[in-house]
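Residue strings, one per chain:
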Amino acid sequence: RRSLAASMAKAAASDCQRLVCKDGIQIHGGMGYTWERDGQLFVKRAKTLEALFGTGAQHRQRIADLLEV
């Protein structure tokens, strides 16, 4: 049950962080991805976390495998 819960939480968090980063860049326009704003740090952090812990799609596949769907 813990593996299932962890994958469900990671899938939701991964989708949320991707949406927040994308919207943050769009809201701030060209300044959103420059060194003067922290948006570029959040995007880099999101990409690093996906590489370390897997993407939302990978965790949704793991959830399906654990539920034998």
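Coordinates for the structure precede this section.
Residues numbered from 1 in each chain as written. Predicted model: local features only at pLDDT ≥ 70, side-chain atom pairs only at ≥ 80, totals over all residues. Heavy atoms only, no water.

1. Digging into the overall build of the protein
For clarity, the threshold we go by: Strands here are runs of E lasting at least two residues and helices are runs of H or I lasting at least four, both read from the DSSP assignment and numbered beginning at the N terminus. Only C-alpha atoms enter the radius of gyration, while the globule expectation follows 2.2 Å times N to the 0.38, with N the number of residues. Each residue is placed in one exposure class: buried if its accessible area under a 1.4 Å probe, protein chains only, is under 20% of its type's maximum, exposed if it is over 50%, and partly exposed if it falls in between. It only takes one pair of heavy atoms within 4.5 Å for two residues to be counted as in contact. Working definition of accessibility: Shrake-Rupley area with a 1.4 Å probe, residue cover restricted to the visible protein chains. Neither His nor the chain ends is counted toward charge; the positive residues are Lys and Arg and the negative residues Asp and Glu. The atoms used to mark charge sites are NZ of Lys, CZ of Arg, CG of Asp and CD of Glu.
Each helix and strand in the protein was counted, giving 3 helices and 0 strands. Secondary structure elements in the protein, listed N-terminal to C-terminal, are α-α-α. At 15 Å, the protein has a C-alpha radius of gyration far larger than the 11 Å of a compact globule built from 69 residues. Once the C-alpha set of the protein is aligned to its principal axes, its extents read approximately 45 × 20 × 15 Å. Within the protein, the fraction of its 69 residues that count as buried is 23%. Considering only residue pairs separated by 6 or more positions, the protein has 60% of its internal contacts joining residues 24 or more positions apart. Carbon and sulfur atoms make up 61% of the accessible area of the protein, which amounts to about 5,400 Å² in all. Treating the 11 positive side-chain charges of the protein as one cloud and the 7 negative ones as another, the clouds have centres 3 Å apart.

2. Some points on the packing of helix H1 (residues 2–28) against helix H2 (residues 39–53)
To be explicit about the condition: Only C-alpha atoms enter the line fits that serve as axes; for helices the fit covers just the stretch in contact. Angles between N-to-C directions range over 0 to 180 degrees. Working definition: roughly parallel below 35 degrees, roughly antiparallel above 145 degrees, roughly perpendicular at 65 to 115 degrees, and oblique for all remaining angles. Crossings are sorted by hand: turned counterclockwise from the far helix by less than a right angle, the near helix makes the crossing left-handed, and turned clockwise it makes it right-handed.
Remark: H1 packs on H2, axes separated minimally by 9 Å, with the N-to-C direction vectors making an angle of 155°. Between H1 and H2, the crossing angle belongs to the class labelled roughly antiparallel. Relative to H2, H1 is oriented so that their crossing is left-handed. Contact with H1, carried on its side by Lys10, Ser14, Gln17, Arg18, Cys21 and Ile25, involves Gly39, Phe42, Val43, Ala46, Leu49, Glu50 and Phe53 of H2 and no other residues of that element.

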